[in-house]
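Structural description and commentary
Given next are the chains, with one letter for each unit.
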Amino acid sequence: MSKNTTSRKLAIQIAIAIAIIVLAVIAKKSVADESAGTISTERAEQLTHMLRHDCGSCHGMTLKGGLGPSLLPEQFKDKNIEYLKLTILHGRNGTAMPPWNAIISEDDAHWLAEFLLSGRINELNK
Amino acid sequence: MTLSNTPKSKNKAFKLLNAAMLTTAFSLSALLGGCATTSTTYKASGDLGTIIERADGAVTIVNTTARTIEGRIEGLGDLSHASIVYSRDEQFAYVFGRDGGLTKVDILNQNIAKRVLQSGNSIGGAISQDGKLVAVSNYTPGGVKVFDAETLELVADIPAFYTDENGEQKQSKTVGLVDAPGQRFVFSLFEGNETWIADFSNDEGGLVTKPKITKLSNVGKQPYDALISPDGRYYIAGLFGEDGLALVDLWHPEKGAKRILPNYGKGEQRLPVYKMPHLEGWAVAGNLAFVPAVGRHEVLVIDMTSWQQVGQIPVYGQPVFVMSRPDGREIWVNFAFPKNDTLQVIDAESFDIQKTLKPGKAVLHMEFTPRGEEVWVSVRDEDTVRVLNTTTYKEITSLKALKPSGIFFTSRAHQIGL
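What you see is a predicted model; the values in this text were computed from it and never measured.

The secondary structure content of chain A amounts to five helices and zero strands. Within chain A, buried positions represent 23% of all 126 residues. In chain A, the share of contacts with a sequence separation of at least 24, taken over all contacts with a separation of at least 6, comes to 55%.

In structure tokens form, the structure reads like this:
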């Protein structure tokens, strides 16, 4: 096998790898964009109700904390959507926070995480 | 006084006129009766109760004989996790709000007698044996504060410090606060894994302001709530961080806490707990106590002579409240989200499910009339309180209440631990 063919092969392999990464990033982005927009107004209302009354049974109805910590935006200064999503879906080991993935879908969790980070809860509490 | 035509002053004038007429009538009747009358008017409150309207920061006053709403008191703050104890004359309801508010509501005159904001975040409270002290269990900052029941002035502050695994001093959230005989309050430290007994009695039969505190350590991981037996002898804390319960014999606190049912559910995967169970009152029938299993669709049965588990009753969902009808013949259970549309009734003798009821969406609490012929059930998402007959299980009537949660009847005034 000549040196030339080997380097050509390598170049093709690198190109394929880059293409896969680019495609994966695009795919992930479009999935993320989609999931952010796929919950219905009705579901959003259900989730808001759940947030106050069911999450609220531990975090307080105004989400300023109870047995569980506060969920007000100040609390999340160094946290991102992904962190909140994972916590909602899979719970936190060693604490009373349960995994909600039997009830809450990825899209729901994304919407909730965004809602909590956005500070819209403060309007709800008014 | 000049009279104008505004409705307000018309109203005022009318009131004055009314008052004048009343005074005349009163003097006349006093003269005719020929006896001295006092200004005190007694009204009975033994069949009254209160219902928390959690979203509105209000309490609705009800009558359990007429099954009617008598009045509504607003402005009690965040009542998302509120509870109530009564003064022993059953005139005042002490409302413990989530936001640290402690409000003394006069349920006869239907007004707020006193209100203090005593912490940032609280979970519940208790009234002392003699009715002179009211204690509040706090999350932030963690500890218990004790107030004069008359004036709501602070009597004692008991911060719940414990030493964590790194040797650091930390303040723990407190849970499961109850009153116990001998002017004592008993509570547990959620992060501290301890149970404390605060004794306010002095040798002369009075009260002290600096209580003697007995600390029982390593009672079990994360006590989440507790209850006390009706005779005030046994304190049982439910554990969240491990299976089992912590038992303290208040006749012998020096013996420390004993772990009971420690092997319950060993090796089984616990279900996600969407709502913490409550241990309130004491579901007792004969020698048996019925308690919710954490993370399981089961009610556990404990023999109170041996403190061994003698049964596990499969139920519809994860139990939240497990309460015995006052005669002990039946045990009523409600469930955690998302199975909170259902009530089940367990036969205390056979352990069979006697009845499954669907009162509506989000059944949060139930309260029996003093002798148990009826039960009031709060159905949060339907803004309704249903009154059911406990023999026929049929609905007798229902009352409107906004997002009702806890229901508390004045008969609690004379029960230890309630």
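Still more to cover.
Per the secondary structure count, chain B includes one helix and 34 strands. Within the span of chain B, comprising 418 residues, buried residues form 48% of the whole. Look at the contacts in chain B between residues 6 or more apart in sequence, and 42% of them connect residues 24 or more apart.

The next subject is helix α4 (residues 106–118) of chain A. The α-helix winds at 3.6 residues per turn, so residues separated by three or four positions along the chain end up facing the same way. All names here are of chain A. With 13 residues, α4 ought to run about 18 Å at 1.5 Å a step, and its terminal C-alpha atoms sit 18 Å apart, in line with that. Listed in full, the buried residues belonging to α4 are D108, A109, H110, W111, L112, A113 and L116. Of the residues flanking the end of α4, it is G119, one or two places downstream, whose phi is positive at about 85°.

The next point concerns the packing of helix α3 (residues 81–90) of chain A against α4 of chain A. Residues and elements named next belong to chain A. Orientation of α3 relative to α4, taken along the N-to-C sense of each, is 125°, at an axis distance of 8 Å. By the criterion of interaxial angle, the relationship of α3 to α4 is oblique. The two elements α3 and α4 meet at a crossing, and its hand is right-handed. In this structure, α3 contributes I81, L84, K85, I88 and L89 to the contact, and α4 contributes A109, H110, L112, A113, E114, L116 and L117.

A few words on the interface of chain B and chain A. Interfaces are often sized by the accessible area lost when the parts come together. Taken together, the contact between chain B and chain A spans 18 residues of the former and 17 residues of the latter. Split by residue class, the side of chain B that touches chain A holds eight nonpolar, four polar and six charged.

Attention shifts here to the sheet that holds strand β3 (residues 68–73) of chain B. Residues and elements named next belong to chain B. Across the sheet, which stays open at both edges, the four strands sit in the order β3-β2-β1-β34 with antiparallel pairing between neighbours. Every interior strand has two partners, whereas the edge strands, β3 and β34 (404–409), have only one. Averaged over all pairs of adjacent strands, the angle between strand axes in this sheet comes to 25°, irrespective of strand direction. Bridging between strand β2 (residues 58–63) and β3 involves five bridges; their strand directions are antiparallel. Opposite I61, over in β3, you have G71 as the bridge partner.

Moving on: helix α2 (residues 41–59) of chain A. Residue and element names in this part refer to chain A. Of all the bends in α2, the greatest, near 40°, is centred on M50. Of all the positions in α2, only R52, H53, D54, C55, G56, S57, C58 and H59 are classed as buried. Positive phi shows up at G60, right after α2, with a value of about 90°.

Turning our attention to the confidence of the model for chain A. Residues and elements named next belong to chain A. The predicted model of chain A averages 81 in pLDDT, with 79% of residues at 70 or higher. Of all helices and strands in chain A, the one with the weakest mean pLDDT is helix α1 (residues 3–37) (61), whereas α3 scores best (94). Scored below 50 in pLDDT, residues 28–35 makes three contacts in the model with residues more than four places away or belonging to other chains.

All names here are of chain A. Interaxial distance between α2 and α4 falls to 11 Å at its minimum, and their mutual angle equals 65°. Relative to α4, α2 is oriented so that their crossing is right-handed. The segment α2 lies against α4, with R43, A44, L47 and L51 engaging D108, W111 and L112. Residue classes in the contact of α2 with α4 are distributed as five nonpolar, no polar and two charged.

In this section: the confidence of the model for chain B. Residue and element names in this part refer to chain B. Scored by pLDDT, chain B has a mean of 89; 89% of the residues are at 70 or more. Across residues 1–10, confidence stays below pLDDT 50; counting only partners more than four residues off in sequence or on other chains, it has three contacts. For the stretch residues 27–38, pLDDT sits under 50, and the model shows one contact to residues farther than four places along the chain or on other chains. The complex prediction reports pTM at 0.83, with the ipTM value standing at 0.71.

Our focus in this paragraph is the pairing of strand β17 (residues 207–216) of chain B. Residue and element names in this part refer to chain B. Pairing of strand β16 (residues 194–201) with β17 involves six bridges; the strand directions are antiparallel. By the bridge assignment, D199 is partnered in β17 with K212. As consecutive antiparallel partners, β16 and β17 are separated by five residues, and within that stretch G205 has a phi angle of approximately 85°, a positive value.

Residue and element names in this part refer to chain B. Within the fold, F335 resides in strand β27 (residues 330–335). Residue classification places F335 among the buried positions, given that 24 C-beta atoms sit within 10 Å. Put simply, F335 and Y316 are 19 residues apart on the chain and 7.6 Å apart in space, counted from C-alpha to C-alpha. Excluding residues within four positions of it along the chain, F335 makes contact with Y316, G317, Q318, P319, V320, N340 and T342.

To continue, consider the sheet that holds strand β26 (residues 319–324) of chain B. Residues and elements named next belong to chain B. Read across the sheet, four strands follow the order β26-β27-β28-β29 without closing on themselves; strand pairing throughout is antiparallel. Edge positions in the open sheet fall to β26 and β29 (353–357), since each of these has one partner strand only. Put simply, the sheet's adjacent strands are angled 20° from each other on average, direction ignored. Alignment of β26 against β27, held across four bridges, turns out to be antiparallel. Paired with P319 across the strands is F335, a residue of β27.

Thresholds applied
- Residues numbered from 1 in each chain as written.
- Chains lettered and ligands numbered in written order.
- Predicted model: local features only at pLDDT ≥ 70, side-chain atom pairs only at ≥ 80, totals over all residues.
- Helix = DSSP H or I, 4+ residues; strand = E, 2+ residues; numbered from the N terminus.
- Buried ≥ 20, exposed ≤ 12 C-beta atoms within 10 Å, placed from the backbone.
- Contact = placed C-beta atoms within 7 Å.
- Expected span 1.5 Å × (residues − 1).
- Axes fitted to C-alpha atoms, helices over the stretch in contact; angles between N-to-C directions.
- Parallel < 35°, antiparallel > 145°, perpendicular 65-115°, else oblique.
- Left-handed = near helix turned anticlockwise from the far one by under 90°.
- Nonpolar A, V, L, I, M, F, W, Y, C, P; charged D, E, K, R; others polar.
- Pairing = 2+ DSSP bridges.
- Bend = angle between axes of the 7 residues up to and from the residue.
- pLDDT = per-residue confidence, 0-100.

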